[in-house]
Amino acid sequence: LSMFRKLISIGLLSLSCSLFAAGKIPIGDTETIVLYGDSITEQNLYTAYIETFLLTRLPQKDLTIYNFGWGGDTAAGGNARFARDVAPVKPTLVFVNFGMNDGRYTGPDQAIFDSYIGSQKLLADTIKAAGARQVLLTTSPIDYDRRGDKDLYNDALANMADGVMALADEGSLPVCDIFHPMRQLQADVKAGRQDYTMIPDSVHPNAVGHLPMAYYVLRELDVPGLVGTVAIADGKLKRTEGLAITGFKATNDGFECSMSLSCLPFYVPQSAREALTFVPFQKDLNTFTLTVDGLAPDQRYLLVVNGVESGGFSAKELAEGADL
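Residues numbered from 1 in each chain as written. Predicted model: local features only at pLDDT ≥ 70, side-chain atom pairs only at ≥ 80, totals over all residues. Heavy atoms only, no water.

### Some points on the packing of helix α2 (residues 46-57) against helix α7 (residues 207-218)
What counts, and what does not: Only the stretch in contact is used when fitting a helix axis, every axis being a line fitted to C-alpha atoms; angles between N-to-C directions are given from 0 to 180 degrees. Secondary structure elements are taken from DSSP: a helix is a run of H or I of four residues or more, a strand is a run of E of two residues or more, and numbering for both begins at the N terminus. With respect to orientation, any angle under 35 degrees is reported as roughly parallel, any angle over 145 as roughly antiparallel, any angle of 65 to 115 as roughly perpendicular, and every other angle as oblique. By definition, turning the near helix anticlockwise from the far helix through less than a right angle yields a left-handed crossing, and turning it clockwise yields a right-handed one. The contact definition used throughout considers only heavy atoms, calling two residues in contact when any of these lie within 4.5 Å. Polarity classes work like this: nonpolar for Ala, Val, Leu, Ile, Met, Phe, Trp, Tyr, Cys and Pro, charged for Asp, Glu, Lys and Arg, and polar for all others, with Gly in that last group.
It is at 8 Å that the axes of α2 and α7 come closest, and there the two elements cross at 50°. Here α2 lies oblique to α7, going by the angle between them. Where α2 crosses over α7, the handedness of that crossing is right-handed. When α2 is examined against α7, the residues Tyr46, Tyr49, Ile50 and Phe53 are found in contact with a partner set consisting of Ala207, His210, Leu211, Met213, Ala214, Val217 and Leu218. Of the residues assigned to the contact of α2 with α7, the class counts are 10 nonpolar, 1 polar and no charged.

### Comments concerning the pattern of salt bridges
Keep this limit in mind: Between Lys or Arg on one side and Asp or Glu on the other, a salt bridge is scored when a side-chain nitrogen of the former is within 4 Å of a carboxyl oxygen of the latter. Burial classes follow relative accessibility: with a 1.4 Å probe on protein chains only, a residue under 20% of its type's maximum area counts as buried, one over 50% as exposed, and anything between as partly exposed.
Inspection of the entire model under this criterion finds 19 salt bridges. We note a salt bridge from Asp143 to Lys190, for which the minimum N-O separation is 3.2 Å. One end of the pair, Asp143, is in the loop between β5 (133-137) and α5 (152-171); the other, Lys190, is in helix α6 (residues 179-192), with 47 residues separating them in the sequence. Here Asp143 falls in the buried class, since its relative accessible area comes to 0%. Overlapping salt bridges, with partners in common, bring together Asp73, Arg81, Arg84 and Asp85 in one network.

### A word on the sheet that holds strand β14 (residues 322-323)
Heads up, the rule is: When DSSP locates at least two bridges between a pair of strands, those strands are taken to pair.
Reading across from one edge, β8-β7-β11-β14 is the order of the 4 strands in this open sheet, with mixed pairing throughout. The two strands at the open ends of the sheet, each matched to only one other strand, are β8 (236-241) and β14. One ladder, built from 5 bridges, connects strand β7 (residues 226-233) with β8; its direction is antiparallel. Bridge pairing in β8 places Ala233 opposite Lys236.

### Comments concerning α5
The criterion, for reference: For a helix, the expected span equals 1.5 Å multiplied by the number of residues minus one.
Compared with an ideal rise of 1.5 Å per residue, which puts 20 residues at 28 Å, α5 spans 29 Å between its outermost C-alpha atoms and is within 8% of the ideal. Buried within α5 are the following residues: Tyr153, Asn154, Ala156, Leu157, Ala158, Met160, Ala161, Gly163, Val164, Leu167 and Ala168. The elements touched by buried residues of α5 are α4 (110-129), β5, β6 (175-176) and α6. The positive-phi residue at the C-terminal boundary of α5 is Ser172, with phi of around 55°.

### Side note on the sheet that holds β6
Pairing is parallel across the open sheet formed by 5 strands, whose spatial order is β3-β2-β4-β5-β6. Each having just a single partner strand, β3 (62-69) and β6 make up the two edges of the open sheet. Here strand β4 (residues 93-97) runs beside β5; their pairing, made up of 4 bridges, is parallel. Bridge assignment links Val94 to a residue of β5, and that residue is Gln134. Most of the contacts of helix α3 (residues 75-85) go to strand β2 (residues 30-37), to which it runs at about 140°, and overall it touches β2 and β3.

### As for the side chain of Asp143
Heads up, the rule is: Two N or O atoms count as a polar contact when they lie within 3.5 Å, although within protein this holds only if one can serve as hydrogen donor and the other as acceptor, and sequence-adjacent residues are included solely when both atoms are side-chain atoms.
For Asp143, the side chain forms a polar contact with the side chain of Thr197, separated by 2.5 Å. Setting aside its immediate chain neighbours within four residues, Asp143 contacts Gln186, Lys190, Tyr196, Thr197, Ile199 and Ser202.

Pasting the structure below:
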């Protein structure tokens, strides 16, 4: 570590979240949230990302979150089991993600489409009758390289996703579109990496595939995308946002301070981290940066948090904003 010069020593203090970003879908101060769907929901990956994000980003809210995904289920099945599985927890907000099985793994078919949209309408009525708000989700796509009929089923799922979005518009319901951006994302990634997949069995995304799903939902919620920013220039604290700095002082080696965060950064699991090269999750939902101007350009600088050496940065990286 002799190549590093100690730059900043940070002590992390208590949480007190008050900063919110503008969004489409509000999260109340007290919510019982249900994530409802088929086996893709039952995998508990995109759902776990959403749950973890909400609990760590909104520490002042009283949130209880359930996953009621059921392998092989459909919108009709979800409506049939709602009274048994969901109603007893008295949900206030239900995220509905059905569609993968509803299309019956065949090409576009009007009768299948009509049945699916009819079932989604009945489920929407059931949720409303239970006194809960709801958010409609479009399903994720299939990997066309892992199916004999290639992209045919995605064409059917695209029609169904369009139907869900039209239903949301008709019923003035919020909707998070997963299918269309994820289908395009998959095509873009495969254009450069032909054999790549984030949906290994063609239906169920892996941990990498589930992070974009969570991203497409979370970016529609009224939650803070900013964790915090700190700007320092010429050894002086110039600006902070989303956090509070106390005890800032220069030292012989650099400077030190104590920091109170508004909320916790979202920890992206190692198994999902590759997805950060595909979607701007950190930029849009997890911004936590330190910017320092006026440093000697030939030095590298060490960041120490609660006494733990947490990373080294060049002067250029710090001037551009280091991701904490």
